[in-house]
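# Residue-level structural notes
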Amino acid sequence: MSLETEDALTPVPLRIGVVAPPWYRIPPSAYGGTEAVVAALVDQLVARGHHVTLVASGPPGTAAQRYVRVFDEPPSDLLGISIAPELIQALESRRALPDEDVDLVHDHSAAGPLLAGASARPTVVTVHGTVDGINGDLLRRLDGSVHLVAISDAQRRLAPDLNWVGTVHNAVDVASFPLRRDKSDDVVWLGRFSPDKGAHVAIEVAARAGRRLILAGKLNDAAERSYFSEEIRPSLGPRVRYVGEVDAAQKRDLLAGASCLLFPIQWDEPFGMVMAEALACGTPIVSTPRGSVPEVVRHGETGFVCGSVDELVAAVMAVDSIDPDACRADAEARFDLPVMGAGYEQVYRQLLDSLA
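Residues numbered from 1 in each chain as written. Predicted model: local features only at pLDDT ≥ 70, side-chain atom pairs only at ≥ 80, totals over all residues. Heavy atoms only, no water.

## Details of the overall build of the chain
Condition: Runs of H or I in DSSP of at least four residues are treated as helices and runs of E of at least two as strands, each being numbered from the N terminus. Each residue is placed in one exposure class: buried if its accessible area under a 1.4 Å probe, protein chains only, is under 20% of its type's maximum, exposed if it is over 50%, and partly exposed if it falls in between. By definition in these notes, contact holds between two residues if any of their heavy atoms fall within 4.5 Å. With residues, only the protein chains shown are counted as cover, and all accessible areas are computed by Shrake-Rupley using a 1.4 Å probe. When charges are counted, neither His nor the chain ends are considered; positive counts come from Lys and Arg and negative counts from Asp and Glu. Charged groups are reduced to one reference atom each: NZ for lysine, CZ for arginine, CG for aspartic acid, CD for glutamic acid.
Regarding its fold elements, the chain presents 12 helices and 13 strands. Projecting the C-alpha coordinates of the chain onto the three principal axes gives extents of approximately 65 × 50 × 35 Å. Within the chain, the proportion of its 356 residues that are buried is 51%. Restricting to contacts in the chain with at least 6 residues of sequence separation, those with at least 24 account for 64%. As displayed, the chain has an accessible area near 15,400 Å², and 51% of this comes from carbon and sulfur atoms. The chain carries 32 positive and 48 negative side-chain charges, and their two centres are separated by 3 Å.

So, in structure tokens, the structure goes:
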């Protein structure tokens, strides 16, 4: 297809089908990282002049010009129990997005990409999860029927043989996060209570640095409760506080007021959204060099990337040297919603040009 009008300087708006996972509303009312990204992307694409058909669950909540509602209420109670909602979503998406109605499909669901080979239109898939193990095997078996977008270059390096067509970082609404320059001495850790997230490391680092630590995050399933009981609870007290699973307002208040986000992850996480959120608040990040951290944190400018516990301790004690305005500016330049929207539009147009 031609991507330009008769006025060669004016790109033709695209017709984009966006398929969301079926499990939560778009945008989510509470939990739902992928769903929040999908909602923001839809709104950005519409704002950039494109026509979007969104296939999702629950009531409409985005700017999409056309909304296909597969489930009246998202089947969240079946998550982890039945794959039927994913299969139903895939079938309904294929019916709702015939080739003549869209220029491409951007699928964020698990089962939808399995039907991509039946369409004459290209299917773009953002890889929101890991690319190792069985997840990588699945993506390889899709072969060239889908075109993959990574959420970090680090993710791509773990599986360079996959059919990547671009990298677009996840983003946050930077303007919705308060910039606070008068930081407390507290350090904050936010995340899921798993050894991979390093809350136990954060406790040791904060204690050695002489800083109070505030822990906030999800504590629902059995593995999380076990880890918390064995590794975290014995350390709770005046210097280590657990404040529960915070809502959006509480999270912003915690991040904005902290001296730093302590993010000692112990695995190669593709992209840690909380890092972008911290930077938006003008809060530096102290982290280990795993996953996407080295491409998110500008060492010495927006935080510190540390290879040992000793280095993490020293970094926490040095965070006052980081300018909150530099953190905020970096978030606006690299992790704001319009940046993500522009990044995906570029991927779409380059892909369509290559297939023309």
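Having seen it, we continue.
## A look at the sheet that holds strand 5 (residues 123-126)
We count it as follows: Note: two strands are recorded as paired if DSSP finds a minimum of 2 bridges between them. Axis definition: a line fit to C-alpha positions, over the contact stretch in the case of helices; interaxial angles, taken between N-to-C directions, run 0 to 180 degrees.
In space, the 7 strands of this open sheet follow the order 3-2-1-4-5-6-7, with parallel pairing throughout. What marks the edges here is a single partner per strand, and that holds for strand 3 (66-69) and strand 7 (164-167). In this sheet, neighbouring strand axes are inclined to one another by 20° on average, regardless of whether the strands run parallel or antiparallel. Pairing between strand 1 (residues 15-19) and strand 2 (residues 51-56): 5 bridges, direction parallel. Paired with G17 across the two strands is T53, which belongs to strand 2. Sheet contacts for helix 1 (residues 33-47): strand 1, strand 2 and strand 4 (104-107); angle to strand 2, the most-contacted strand, approximately 160°.

## So, the pattern of salt bridges
Heads up, the condition is: Any Lys or Arg side-chain nitrogen found within 4 Å of a carboxyl oxygen on Asp or Glu counts as a salt bridge.
Under the criterion given, the structure shown has 21 salt bridges. The salt bridge involving R140 is made with D137; its shortest N-O contact spans 4.0 Å. One end of the pair, R140, and the other, D137, are both in helix 3 (residues 133-141), 3 residues apart, so they sit about a helical turn from each other. On the basis of relative accessibility, which here comes to 35%, the residue R140 falls in the partly exposed class. The salt bridge partner of R140 is D161, with a shortest N-O separation of 2.6 Å. Here R140 is found in helix 3, whereas its partner D161 is found in the loop between helix 4 (153-158) and strand 7, with 21 residues between them in sequence. Among the ionic contacts, a cluster of salt bridges with common partners joins R48, E345 and R349.

## Points about the environment of H106
Counted only if it meets this: Counted as a polar contact is a pair of N or O atoms within 3.5 Å, where, for protein atoms, one must be capable of donating a hydrogen and the other of accepting one, and residues adjacent in sequence contribute only when both atoms are in side chains.
Relative to the helices and strands, H106 resides in strand 4. With 89 residues separating them in the primary sequence, H106 and G17 have C-alpha atoms 6.0 Å apart. Setting aside chain neighbours within four positions, we find H106 in contact with G17, V18, V19, L41, V124, T126, Y344 and Y348. A distance of 3.4 Å separates a polar atom in the side chain of H106 from a polar atom in the side chain of H108.

## Looking at the pairing of strand 9 (residues 213-218)
Under the convention used in this document: Every crossover in which the path from the first strand over the helix to the second runs clockwise, viewed with the strands pointing away from the viewer, is termed right-handed.
Taking burial as the measure, the 6 residues of strand 9 include 5 buried ones, the bulk of the element. By the bridge criterion, 6 bridges tie strand 8 (residues 187-192) to strand 9 in an arrangement that is parallel. The residue bridging G191 from the neighbouring strand is G217, located in strand 9. Between the parallel pair strand 8 and strand 9, the chain is carried across by helix 5 (residues 199-209), and the sense of this crossover is right-handed. As paired strands, strand 9 and strand 10 (residues 240-242) are joined by 3 bridges and run parallel to one another. The partner of I214 across the bridge, within strand 10, is R241. As for the winding sense of the linkage, the β-α-β connection from strand 9 through helix 6 (residues 222-232) to strand 10 is right-handed.

Remember, this is a structural readout, not a statement about activity or role.
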